[in-house]
Amino acid sequence: MKVMNLQQEGASKSFLTECKTLRNARHRNLVKIRSAYSSIDFQGNPFKALIYEFMPNGSLEQWLHGSIGANGLSNGGPKILNLLQILNIAIDVASALIASIITVMCL
């Protein structure tokens, strides 16, 4: 789940752009959006979130930088990756970015 920080300038526009872009994007390295949520929270503030497909192996961020628990503390350091795995990740990320750019250009 990705909760948008709507206090940040451009967050609402970013939310809409991400929804439009990922709605039609299909690539093996892009996580699918399962749902988008836009409402008002209990204090009357706007609330927007994207619900992504579950990633049983964790996110790329967790693999590269370690994970942060709900309490804000680290749940461990980065996992150990060899050079070939790092190169494959870089190639896959580049491929996903190209696919995303092509999708945006076709909208």
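Residues numbered from 1 in each chain as written. Predicted model: local features only at pLDDT ≥ 70, side-chain atom pairs only at ≥ 80, totals over all residues. Heavy atoms only, no water.

### A look at the sheet that holds strand β2 (residues 33-40)
Link 1 in the chain: Reading across from one edge, β1-β3-β2 is the order of the three strands in this open sheet, with antiparallel pairing throughout. Two strands lie at the open edges of the sheet, namely β1 (2-3) and β2, each paired on one side alone.
Link 2 in the chain: The pairing of β2 with strand β3 (residues 46-52) spans seven bridges and is antiparallel. Each residue of the ladder has a partner; that of Tyr37, found in β3, is Ala49. (Pairing = 2+ DSSP bridges. Helix = DSSP H or I, 4+ residues; strand = E, 2+ residues; numbered from the N terminus.)

### Brief notes about the pattern of salt bridges
Link 1 in the chain: Summed over the entire model, instances satisfying the criterion amount to two salt bridges.
Link 2 in the chain: One salt bridge connects Lys2 with Glu18, and the closest N-O pair in it is separated by 2.8 Å. A residue pair is termed long-range when its members are at least 10 positions apart, and Lys2 in strand β1 and Glu18 in helix α1 (residues 11-24) qualify at 16 residues.
Link 3 in the chain: Linking Arg34 and Glu53 is a salt bridge whose minimum nitrogen-to-oxygen distance equals 2.6 Å. Of the two residues, Arg34 is situated in strand β2 and Glu53 in the loop between β3 and α2 (60-65); the sequence distance between them amounts to 19 residues.
Link 4 in the chain: The class for Glu53 is partly exposed, based on a relative accessible area of 29%. (Salt bridge = Lys/Arg side-chain N within 4 Å of Asp/Glu carboxyl O. Buried < 20%, exposed > 50% of the residue type's maximum accessible area, 1.4 Å probe, protein only.)

### Here we look at the side chain of Lys48
Link 1 in the chain: Residue placement: Lys48 occurs in strand β3.
Link 2 in the chain: Buried within the structure, Lys48 lacks any salt-bridge partner; Asp41 is the closest side chain of opposite charge, at an N-O distance of 12 Å.
Link 3 in the chain: Only 2.9 Å separates the side chain of Lys48 from the side chain of Ser38, close enough to count as a polar contact.
Link 4 in the chain: If sequence neighbours within four positions are ignored, Lys48 has contacts with Lys2, Val3, Met4, Leu6, Ser12, Phe15, Tyr37 and Ser38. (Lys, Arg positive; Asp, Glu negative; His and termini not counted. Polar contact = N/O pair within 3.5 Å; in protein donor to acceptor, adjacent residues only side chain to side chain. Contact = heavy atoms within 4.5 Å.)

### Things to note about the packing of aromatic side chains
Link 1 in the chain: For the structure on display, the rule yields one aromatic pair.
Link 2 in the chain: Ring geometry for Tyr37 and Phe47: centres 5.8 Å apart, planes at 70°, overall edge-to-face. With a gap of 10 residues between them, Tyr37 in strand β2 and Phe47 in strand β3 connect regions that are remote in the sequence.
Link 3 in the chain: For Tyr37, a relative accessible area of 43% gives the class partly exposed.
Link 4 in the chain: Note on Phe47: relative accessible area 27%, which makes it partly exposed. (Phe/Tyr/Trp six-rings, centres within 6.5 Å; stacked < 30°, edge-to-face > 60°.)

Honestly, it's all geometry; don't read function into it.
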